[in-house]
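Chains, contacts and geometry: an overview
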Amino acid sequence: MNADTQALVTIKVDNQDYKVKAGSNLLEACLGLAKDLPYFCWHPAMGSVGSCRQCAVQVFADQDDTRGRMVMACMTPVSEGLIVSLEHQQAKQFRQQCIEVTMANHPHDCPVCEEGGECHLQDMTLQSGHSLRRYKGAKKTYNNQNLGPCVGHEMNRCISCYRCVRFYQDYAGGDDLVTLGSRENVYFGRHEDGCLDSYFSGNLVEVCPTGVFYDKPFSDSYNRKWDLQSAPSICGHCSVGCNMSVGSRQGKVKRVTNRYHGQVNGYFLCDRGRYGYSYSNSDQRLQQCQVTPANSAMVTTDYAATVDYVGQIFTELGAQNVLALGSPNASLEDNFALRSLVGKDNFYGAVSSNQSLAQSRVTQHLQRKDIYTPSLKQIEQADGIIILGEDLLNSAPRMALSVRQASGNLGREQAAEVGIASWQDESVRIHAQNRRSPIICVTCGGSELADISALSLQLTPAQITSFALALASHLAGQTASHGLSAEVMQQVQQAAELLAGVKQPLVISGTSTNQPALIDAAAELSLSLGTATHSRAWLSYSLSASNSMGLSLLQDEAQHLGQLQARISSSQEPLALMVLQTDWHAFLDPAEIASVQPKLQHLIVLDQLPNNTSRAADVVIPCASIHESEGTLVNHEGRAQRYFAAYEPANLQPAWRSMAYLARWLTAQQPDVCTYGQQALAQCQQFDDISQLVGQLGPVFSRWQEVAPTADFRIAGMKIPRQSHRYSGRTSIYAHINVSERKQPVDQDSALAYTMEGSPVNPAAALIPQVWSPGWNSNEAINKFQAEIDGPLKGGDPGIRLLGDGDWQLLPLTNPPAPDKEALLGVSQSRLFDNEPLSAMASALRQRCPPAMAGMHPDTASQWGLQPGDQVSVGLGDSQWQLAVTLDGAIPPQIILLPAQWHAPIHTSRLPAVVTVKPCPQEAT
Amino acid sequence: MLQRVLHISYLIWDYLYSNLLTLWTVASHTFSKADTVEYPDQMPYLAPRFRGRIVLTRDPSGEERCVACNLCASACPTDCIALQKTEDETGRWSAEYFRINFSRCVFCGLCEEACPTYAIQLTQDFELAEYQRQNLVYEKHHLLIDGPGKHPDYSFYELSGKAVSGRAKGAGKLEAPPVDVKSLLP
Amino acid sequence: MHTALIQLINVVAILLFVVFGAALLTWVERRLLGIWQDRYGPNRVGPLGSLQIVADMIKLLMKQDWVPPFADRLVFIVAPAIAMFVVVAAFAVIPMAPGIGVIDLNIGLLFFLAMTSLGVYAVMFGAYASDNKYALLGGLRAAAQMVSYEVFMGLSLMGVVMLAGSFNLRELVLAQADGWFIVPQFVGFMIFFVAGIAESHRTPFDLPEAEHELTAGFHTEYSGMKFAMFFLGEYVSVLMTAAMITVLFLGGWLGPAWLPPLFWFLLKTTLLVLSMILIRGALPRPRYDQLMAFGWKVMLPLALINLLATGALKLM
């Protein structure tokens, strides 16, 4: 649907005619016309409830009517010929009085409020014209609660707009933040102190129009919004690729806020994305190059000397003996630079063989003509969803939030039938009661979406694949059991019935179970569903890392970790390995490390943080983090999105630049043996140079130039400022070091500048450092940036979808070997806060990690004689992992669920696999 | 013709008269007293609102008034104030560092106007010259004084509604006791 | 031998008098401007600040002898020398008192006019050599201004010459024994006074160095001793104009015999200098077009009428 095809109606606002979209409400229409109309409780994603009485306008019966009547704009649908006045004295006075009453109890604490300076209440108070508190009585106070490490609570500031609980309960499905008390004593909090459970709790900070909920880690070293040097960025912590705005000051990331993208994240982020940045500020960050020559001690040195050293390695071993390991966490440009340096044949991806295969199948499916991959915004329009094998809330939480919105589609549809508009939030909910669009979760080891699922099944990974195929056959009118029990087949039948009346079905699967066959089965199911419901087949995959898709576009499917290990082990010549932003050793068990060690003469690590691999390396080259560099990530739907540096790190280079140095060294020192890739890389001075090379890679990258404007983009001859026009402290922030001011760093790589000069409002949606508009200091200013309210940004949502058409064939089913008596099938269990190495560094998130426990069915446990809390030793190959046991009847039998912590002794990429389980002897206490 | 000549003559006289009057007026100042105040031999009169060296004051209970709200820094036209917020264990905000680069300061007083807690104040002291420009960078311990300066009775946290420095919610001025959520009484 | 020695002493004394007089004038002017503007002026170095000139001199001497890299080096250095030379040379013909004076030329007045006209070269060279837009504009103005004012400056003096029948300055002074020429030649006096101020680029005719629009005009790029020479040149030129007016219109050294002639000469000169400082302290600077219009449309016709009238009277 777009604005062209939708009916327009004419309304008269303050004696001027406008055409607006039919079916919207008046507030939305006025904001869309760039009018300033105050509001609190309305939210573009959450609709209207009409509780704050702030958006009052005067509506007139006809041209002769001069008195009119007052209505709440957010509760009034637009209609042809509607005459309305925002400026009418009565409406203005009413809005002002409303705010005056609201402010009567609002505390006088703006100077010590984290929201000050980006406060919607401040903006709206100013907009309505209220300036003097006439009421002289005492102000109400409330006791605060400790809501955990991420969100702070200061209830005094509450204006009872109910946005927090509407988001937390109705939108995000949380149940531990509630409205307590009665009358004017309402209290928004938990029943008792404690951490907010929802993975989306951080959004309360942005949803709350005042400072009741504030960002706790940000508050620890707080700066005002106008003092943050911000840049548009992309979340690097999962494959969804949410857009975010990174605020920094004095070379530290201070906070992350949502950056609106009409198709991807909309207005909300998950807590991993919002709070996962603190690794970038860590004291442990690699700051200097480290070189350890043979038989001598490690020395720290500079880039030039290191490049010289690594160049010697190339010369010494021959370029054909230098291998490289690219990372699904690093940008496309960084991976491409590495591939150019060593050649395609020597470039491996840091993914297991199953992952690699699964990933390449995903890429193929997304390129097919007969299957469509919806964006998150489109997922919200599906009215029947089946999730296969993914614990979505843990592996792609923002996608799970979209699935939750989709579950309300049945309610909205039924409400529409009785004439209730979809933005009438409360009415829609009351009308819908418990009726939901069918969501079917088929997972292994729990799904937190169970509360909205019409059917929730727990099966082993192989059974999930069979389930998908069986359901596909069933929908096609055939009966094939694919080795499933009668009981499960009954559930197949049930699932088919649930999906029968669906208009737009969607299949969601992913790579976290490491089952390539499941990827194909999901595609098969989506095709059958499409045929059965006469709709387009919608299919979405959640992937393992932020740039899994990008890496798979660069890397050959067969060039995975297992292949790399085999190549090293079988090599006759000494080898060197360059590892890009991957803890390679975490994928290997001790025996494997020992077997590759003698062949590897050199291990060169390019990384941000020290890890076991970097400790074993003889060359360590530090890299700039995602907040300090520019790059492109390709998300789960194949959308290439550009992130930009929020600040310039003191002496760190992005990985691609280190490799360009190296290529320049090689072309200068040994021009005759240089490859074409090295020569091309050697020419790269600026980001745009290497980005252009990526654009030449093939037809997939044909629209590459549209990802984001290049570094020569200007508005009125000026770059776009990262700092606000109020940015303070320029002449004193570093004055204690030297009273002479520093020159601002020059950003040659992008169209953003590290200054205050230039226009904060710009036509390039990919280059919005932070949203601000005159009179709109909070994130609500986004309505000035949207082409239509809740629609795409002006100039089009940033990023482009890369994938086009391709062909495929179904993979045969492979059943993992049946476990013997001493063993169980180990299956990894997704965890939001510690299965990604970078965000796991964030202390606020670490505190929220549940304890690592091995999950089992009670029957399975009793076979081993295990009680809840008993310690077991889980073994795979040479690795041993000691864990406490927790029992859950929902877990399929003969399975042990292992937490997918990134630093676990048994890396998640090696699962599912048969693991040995030995109860540990009870310690005598 | 005559009229024209007369007019021109008048103009000439007018211009001459104007210039001569100017010369006479200036010359007559030979005998008037100089307005110069011979500082430093003689201290000039400084008005109470004179804008000299900037200080950070304390509230009546002796605690720092500055809550690190950053308003002074954002008001500063030369951007010569930089500070960082920190918080003590009782929830009281204060500046981790507070730096004024007096070599950039123009003593406009906008910081004092912007300050919501009367913490930052301009004083009568204008003798700030240094031989090293670096010495004009004042840190928090240089700026902080022991007294409240102007507005001796004002204490921001008494009115903020926040529970800080061990004071419970509702114990400040113009504050009602905390709402009892469990009460259903009208 | 004796005559030569006296002549040498004469020359050295006058040179010193001119240079130190000009230097002292810088202090006198600042003090006087201060007094007229209700300030003190420089009053801290030495008694009443009189050693300020010494301080200034030390400062200027100690400064780096800087020639901008983009300047025309030779011309840049020569320009201030010309400025100093022409005014000092012009001073040579001024008779201060009987027996005091460097040289007694038959055509002393013409020599004076010739030397002052040469002064424009200093300004133009300095402006050209600086390779600076302010300097160039200042130089253009100076050239135009000096050419314009030179014309009626010469014409205004011809009345005096007609009355005395000589170009010799001593004879001109002696011709005033019966009455100073300021009385018959009042218009000539006024015109010459104005032109003299313009010749020495002083307010209100200091447009070549108008600091509000041209930074410092033709000497923007100058500093140290080279600047000092321009600066001093201007003050010598003030002294010279004052001395010339004294000689031509105020009867030179003539005066009651109870004081020596030199005193009368110095007294008249000093009063004229003071009046020029007063004019600087009081009158605003005109626009450049006003300055040119005033020169060509008012002063030149006046000078011509004055000349015609004097000639007619002389013939009658």
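Remarks on the overall build of chain B
In terms of regular secondary structure, chain B is built from five helices and six strands. In sequence order, the secondary structure elements of chain B are arranged as α-β-α-β-β-α-β-β-α-α-β. The C-alpha radius of gyration computed for chain B amounts to 29 Å, which surpasses the reference 16 Å derived for 186 residues by more than 25%, pointing to a less compact arrangement than a globule. Once the C-alpha set of chain B is aligned to its principal axes, its extents read approximately 105 × 55 × 30 Å. Within chain B, the proportion of its 186 residues that are buried is 39%. A total of about 10900 Å² of accessible surface is found on chain B, and carbon and sulfur atoms cover 59% of it.

Side note on the overall build of chain A
Helix and strand content of chain A: 27 helices and 37 strands. What you see for chain A is a C-alpha radius of gyration of 28 Å, in line with the 29 Å of a compact globule of 925 residues. Expressed as lengths along the three principal axes of its C-alpha atoms, the size of chain A is roughly 95 × 75 × 65 Å. By the burial criterion, 63% of the 925 residues in chain A qualify as buried. Here the analysis covers contacts within chain A between residues at least 6 apart in sequence; of these, 73% occur between residues at least 24 apart. As presented, chain A carries roughly 33500 Å² of accessible surface, and 49% of it is formed by carbon and sulfur atoms. Here chain A carries 68 positive and 87 negative side-chain charges, and the mean point of each set is 7 Å from the other.

Let's talk about the layout of surface pockets
Here the second largest pocket is characterised by a volume of approximately 1700 Å³. As for the second largest pocket, its lining consists of 41 residues, and the residues nearest its centre are Leu16 and Asn19 of chain B together with Met190, Val194 and Phe294 of chain C. Within the residue set of the lining of the second largest pocket, elements represented by two or more residues are helix H1 (2-28) of chain B together with helix H7 (186-199), helix H10 (261-282) and helix H11 (288-315) of chain C. Ranked by residue count, the leading element in the lining of the second largest pocket is H1 of chain B, at nine residues. Residue classes in the lining of the second largest pocket are distributed as 35 nonpolar, four polar and two charged.

Quick word on empty space enclosed by the protein
Residue and element names in this part refer to chain A. Applying the stated rule across the entire model yields twelve cavities of 30 Å³ or more. In this structure, the largest cavity occupies an estimated 250 Å³ of space. Counting residues per element, the ones that place at least two in the lining of the largest cavity are helix H5 (203-207), strand S10 (213-215), strand S12 (243-249) and strand S13 (252-258). Among the residues forming the lining of the largest cavity, the class breakdown is eight nonpolar, eight polar and ten charged. Put simply, the second largest cavity is a space of about 190 Å³. If you trace the second largest cavity, you find 19 residues lining it, with Glu206, Tyr267, Asn779, Glu780 and Ile782 closest to the centre. Sorting elements by how many residues they give to the lining of the second largest cavity places H5 first, with three residues.

Quick look at the sheet that holds strand S22 (residues 505-510) of chain A
Hydrogen bonds along the backbone pair up the strands of a sheet, which may run parallel or antiparallel. Residues and elements named next belong to chain A. Taking strand neighbours across the sheet as the criterion, the six strands line up as S18-S23-S22-S19-S20-S21 in an open arrangement whose pairing is parallel. With partners counted over all chains shown, the strands left at the sheet margins are strand S18 (371-372) and strand S21 (455-458), one partner each. Where S18 meets strand S23 (residues 537-542), two bridges bridge the pair, whose relative direction is parallel. Pairing of isoleucine 371 across the sheet is with alanine 537, part of S23. Here helix H16 (residues 461-475) sits on the sheet in contact with strand S19 (384-388), strand S20 (439-443) and S21, set at roughly 145° to S19.

Structural notes on the interface of chain B and chain A
On the side of chain A, 52 residues touch chain B, which itself brings 47 residues to the contact. Carbon and sulfur atoms supply 50% of the area that chain B and chain A bury against each other, a total of about 3700 Å² over both sides. For the interface between chain B and chain A, the tally reads three salt bridges. The interface formed by chain B and chain A contains 29 residue pairs in polar contact (both at pLDDT 80 or more). At the level of secondary structure, the elements contributing two or more residues to the side of chain B that touches chain A comprise helix H2 (71-75), strand S2 (81-87), strand S3 (93-101), helix H5 (156-160) and strand S6 (175-178) of chain B. Ranked by residue count, the leading element in the side of chain B that touches chain A is S2 of chain B, at six residues. Looking at the side of chain B that touches chain A residue by residue, the class counts come to 25 nonpolar, eleven polar and eleven charged. Of the pairings in the sheet, the one linking strand S6 (residues 139-141) of chain A to S6 of chain B comprises two bridges and is parallel in character. Bridged to threonine 141 of chain A within S6 of chain B is proline 178 of chain B.

Examining the pairing of strand S24 (residues 575-580) of chain A
All names here are of chain A. Along S24, six of the six residues are buried, which leaves the element largely enclosed by surrounding structure. The two faces of S24 match: Leu575, Leu577 and Val579 on one face and Ala576, Met578 and Leu580 on the other face are all buried. As judged from the four bridges shared by strand S16 (residues 322-326) and S24, these two strands associate in the parallel manner. For leucine 323, the partnering residue across the bridge sits in S24 and is leucine 577. With six bridges joining them, S24 and strand S25 (residues 600-607) adopt parallel strand pairing. Residue pairing across strands places leucine 580 opposite leucine 606, the latter belonging to S25. For the handedness criterion, the β-α-β arrangement of S24, helix H21 (residues 590-596) and S25 is classed as right-handed.

Analysis parameters
Residues numbered from 1 in each chain as written. Chains lettered and ligands numbered in written order. Predicted model: local features only at pLDDT ≥ 70, side-chain atom pairs only at ≥ 80, totals over all residues. Heavy atoms only, no water. Helix = DSSP H or I, 4+ residues; strand = E, 2+ residues; numbered from the N terminus. Rg over C-alpha atoms; globule rule 2.2 N^0.38 Å. Buried < 20%, exposed > 50% of the residue type's maximum accessible area, 1.4 Å probe, protein only. Areas by Shrake-Rupley, 256 points an atom, 1.4 Å probe, with all protein chains shown as cover. Contact = heavy atoms within 4.5 Å. Lys, Arg positive; Asp, Glu negative; His and termini not counted. Charge placed at Lys NZ, Arg CZ, Asp CG, Glu CD. 1 Å grid on protein atoms, 1.4 Å probe; cavity = no way out; pocket = protein on both sides within 12 Å on 5 of 7 lines; lining within 4 Å. Points joined across faces, edges and corners; volume = space filled by probe spheres on them. Nonpolar A, V, L, I, M, F, W, Y, C, P; charged D, E, K, R; others polar. Pairing = 2+ DSSP bridges. Axes fitted to C-alpha atoms, helices over the stretch in contact; angles between N-to-C directions. Buried area = accessible area lost by both parts, 1.4 Å probe. Salt bridge = Lys/Arg side-chain N within 4 Å of Asp/Glu carboxyl O. Polar contact = N/O pair within 3.5 Å; in protein donor to acceptor, adjacent residues only side chain to side chain. Right-handed = clockwise from strand over helix to strand, strands pointing away.

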